[in-house]
Amino acid sequence: MNITMDEFKARRDKVLEKLAPNSIAILPAASIKQRNSDTEYPFRQNSDFYYLTGFNEADAVLVLSKGAQGQAQEYVHGFTLFCLPKDETAELWTGKRAGMDGAKRLYGADAAYPLAEIDRHLPAMLQNKTKLYYHFAEEQEFDKRLNAWLKQAKQKALASGRATGQKSNSFPEAMVDISAIVHELRLYKSALEVETMRRGAKISADAHTKLMRTVKPGLNERQVEAEFIYQIMQQGCKTVAYTTIVGGGANACTLHYTANDAVLQAGDLVLIDAGGEYNNYAADITRTFPINGKFTVAQAAIYNLVLAAQQQGIKAAQPGQRWSAIQEAIVEVIVAGLRELNILQGTQQQLIKKQAYRRFYMHSSGHWLGLDTHDVGKYRLQGDYRVLELGMVLTVEPGLYFAADDATIDAKWRGIGVRIEDDVLITATGNEVLTAAAPKTIAEIEALMIG
Ligand code: GLY
Ligand code: MN
Ligand code: MN
């Protein structure tokens, strides 16, 4: 299930194919970020860097070089990795490193150099290249270093021009954002990526199921978060894919609620938006259920409406359908339901046109999912929403949120917040819900919670 060295190579080859002749791509790994004094945040690799290397060490630099003349042979083509060299003392403190030998043997680098030597190699590697591919303006420190290398390369080019009396043209003339190339590739998941995501989705779905068994009145939201993290880490996730949301009662109406410090009350719902990160790939699931195991009539009405909308949204997630078809399907159901419950008044068409539902459903249908929770990839191509294709993975996550102090709605709805979110793979003939193992009908949830 691990992504193989061959697959990482195939990804780099696809990028190389798309680069202009005589060009170079430079992609830095993530750095370790300081939390305070000499304590650091847990390290998380840059997703584009990981996608092209599988290399999980900080501060490394990937260089892809495509054919140019007039350079030392070692720079001419392929994959160069700059990384930390083996060092027994340093490794005793901070852990094992692949080193130069490992970079070649385990990660398929054609050439590998110690990071400390990068200032010597990079200017030479930039020589005779016409285009430079890079992530602009993401890491200020790295931008500065790149500028210094470019300056050296430029000065060398000018000096050689003076020496030969010929106009030198051996310095990158254009910089291109590499994101467009890498992000388009990342949008289409391979069989191994799907396997990885299936596993992460199952672990996360099982953890949500466990929470339905664990939650009871009197627990603190934080204890529920702790149980989720415990469950996914027990099953092999390194961490969560994003900050866990556990919102009891009206806290569910704060879309990105992360305080997670209130006591759960009998009679309220709890909304849990939580997913594990498995081998660097994200799962993203939301379930909403009653803290005491039994939906009230009002809660059930809202819940079943969101569920019906989500089911229609998932149905619309088909190859050949546009991205926007999912939201359109959801909105049809939500508006019809809100009219039926007399929360909205007016014709279906008018209410959709006026987006009257946005008071209660104010977000979109979901997002791409992959190495990032809100994964990369364009939603529109040439202005139109793109068509869904085999291998894309996305979330479908409608919700309805009725603020506790909304005097314009019947009191029985106030403080109810429901979201239901699943991860959906587009297949050749339809889709596969990767997170299907987490119960979501009222009958399933109540049976699980109160038997
Ligand atoms: N958990 C973040 C989201 O659902 O988009
Ligand atoms: Mn999501
Ligand atoms: Mn989510």
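Just so it is clear, the model here is predicted, and its values are computed rather than measured.

**Re the overall build of the chain**
- Of the regular secondary structure elements, the chain holds 13 helices and 21 strands.
- Across its three principal axes, the chain shows a C-alpha extent of roughly 85 × 55 × 40 Å.
- The 451 residues of the chain split such that 54% are buried.
- Restricting the contact set of the chain to residue pairs at least 6 apart, pairs at least 24 apart contribute 71%.
- Working note: accessible area of the chain is about 20,700 Å², and carbon and sulfur atoms make up 51% of it.
- Where the 50 positive side-chain charges of the chain centre and where its 52 negative ones centre are 4 Å apart.

**Remarks on the coordination of the manganese ion (ligand 3)**
- For the manganese ion (ligand 3), the protein coordination sphere consists of Asp273 (OD), Asp273 (OD), Asp284 (OD) and Glu421 (OE), at 2.1 to 2.5 Å.
- In this structure, the manganese ion (ligand 3) is surrounded by six donor atoms whose angles at the metal cover 56 to 169 degrees, and the resulting shape is irregular.
- Coordination of the manganese ion (ligand 3) draws on donor residues from a single chain, spaced D-x10-D-x136-E in sequence.
- In this structure, the manganese ion (ligand 3) is positioned 3.3 Å from the manganese ion (ligand 2), and both are ligated by Asp284. Residue Asp273 is located in strand β11 (residues 269-274), and its partner Asp284 is located in the loop between β13 (281-282) and β14 (285-290); the two are separated by 11 residues in the primary sequence. The exposure classification of Asp273 matches that of Asp284, with both residues buried.

**Description of the packing of aromatic side chains**
- Taken as a whole, this structure holds 13 aromatic pairs when the rule is applied.
- Aromatic pair Trp323 and Trp368: ring centres 4.8 Å apart, planes at 55 degrees, arrangement tilted. Pair noted here: Trp323 is in the loop between α10 (297-316) and α11 (324-340) and Trp368 is in the loop between α12 (348-353) and β15 (380-381), with a separation of 45 residues, a long-range link.
- With a relative accessible area of 7%, Trp323 lands in the buried category.
- On the numbers, 6.4 Å between centres and 40 degrees between planes, the contact of Tyr357 with Tyr361 is tilted.
- By relative accessible area, which is 6% here, Tyr357 ends up buried.
- Counting every residue linked through ring pairs, the aromatic cluster contains Tyr134, Phe136, Phe142 and Trp149.
- Geometry around Tyr51 places Arg11 over its ring, the cationic atom sitting 4.1 Å from the centre.
- Residue placement shows Arg380 over the ring face of Tyr385; its charged tip is 4.1 Å from the ring centre.

**Focus: the coordination of the manganese ion (ligand 2)**
- Taken together, the protein ligands of the manganese ion (ligand 2) are Asp284 (OD), His367 (NE2), Glu397 (OE) and Glu421 (OE), with distances of 2.0 to 2.3 Å.
- Because the angles between the six donor atoms bound to the manganese ion (ligand 2) fall within 51 to 156 degrees, the donor set is best described as irregular.
- The sequence pattern describing where the donors of the manganese ion (ligand 2) fall on their chain is D-x82-H-x29-E-x23-E.
- On the accessibility criterion, Asp284 (3% relative accessible area) is buried.

**Describing the domain arrangement of the chain**
- Domain boundaries in the chain define domain 1 (5-186) and domain 2 (188-450).
- Summarising the inter-unit geometry, the C-alpha centres of domain 1 and domain 2 are found 39 Å apart.
- Domain 1 puts 13 residues into the contact, and the matching count from domain 2 is 16 residues.
- Across the interface of domain 1 and domain 2, roughly 1,200 Å² is buried in total on both sides, 37% from carbon and sulfur atoms.
- Its largest share of buried area at the contact with domain 2, domain 1 owes to Arg44, Glu184 and Arg186, together 46% of the area lost on that side.
- Only α1 (5-18), α2 (47-53) and α7 (179-187) provide two or more residues apiece to the side of domain 1 that touches domain 2.
- Among the elements that make up the side of domain 1 that touches domain 2, the one with the highest residue count is α7 (four residues).

**Thoughts on the site of ligand 1**
- Tyr242, Asp273, Asp284, His367, His374, Glu397 and Glu421 make up every residue found near ligand 1.
- Here Asp273 contributes a side-chain N or O atom positioned 3.2 Å from a nitrogen atom of ligand 1.
- Within the side chain of Glu421, an N or O atom sits 3.2 Å from an oxygen atom of ligand 1.
- In isolation ligand 1 has 200 Å² of accessible area, and contact with the protein removes 87% of it.

**Some words on the pairing of strand β17 (residues 393-396)**
- Covered by surrounding structure in β17 are Val393 and Thr395 together with Leu394 and Val396, the residues of both alternating faces.
- With four bridges joining them, β17 and strand β20 (residues 422-426) adopt antiparallel strand pairing. Of the residues in β20, the one forming a bridge with Leu394 is Val424.

**Notes on the sheet that holds strand β21 (residues 431-433)**
- Within the open sheet, the three strands sit side by side as β17-β20-β21. Their pairing is antiparallel. The sheet is open, and its two edges are formed by β17 and β21, each paired on a single side. Sheet twist, expressed as the average angle between the axes of neighbouring strands with direction ignored, equals 30 degrees.

Here is what the cut-offs are and how they apply
Residues numbered from 1 in each chain as written. Chains lettered and ligands numbered in written order. Predicted model: local features only at pLDDT ≥ 70, side-chain atom pairs only at ≥ 80, totals over all residues. Heavy atoms only, no water. Helix = DSSP H or I, 4+ residues; strand = E, 2+ residues; numbered from the N terminus. Buried < 20%, exposed > 50% of the residue type's maximum accessible area, 1.4 Å probe, protein only. Contact = heavy atoms within 4.5 Å. Areas by Shrake-Rupley, 256 points an atom, 1.4 Å probe, with all protein chains shown as cover. Lys, Arg positive; Asp, Glu negative; His and termini not counted. Charge placed at Lys NZ, Arg CZ, Asp CG, Glu CD. Donors = N, O, S within 2.8 Å, 3.2 Å for Na, K, Ca; no water. Tetrahedral: all angles 85-135°; square planar, octahedral: opposite > 155°, others 65-115°. Phe/Tyr/Trp six-rings, centres within 6.5 Å; stacked < 30°, edge-to-face > 60°. Lys NZ or Arg CZ within 6 Å of the ring centre and 35° of its normal. Domains from an automatic or database assignment. Buried area = accessible area lost by both parts, 1.4 Å probe. Near = heavy atom within 4 Å. Polar contact = N/O pair within 3.5 Å; in protein donor to acceptor, adjacent residues only side chain to side chain. Pairing = 2+ DSSP bridges. Axes fitted to C-alpha atoms, helices over the stretch in contact; angles between N-to-C directions.

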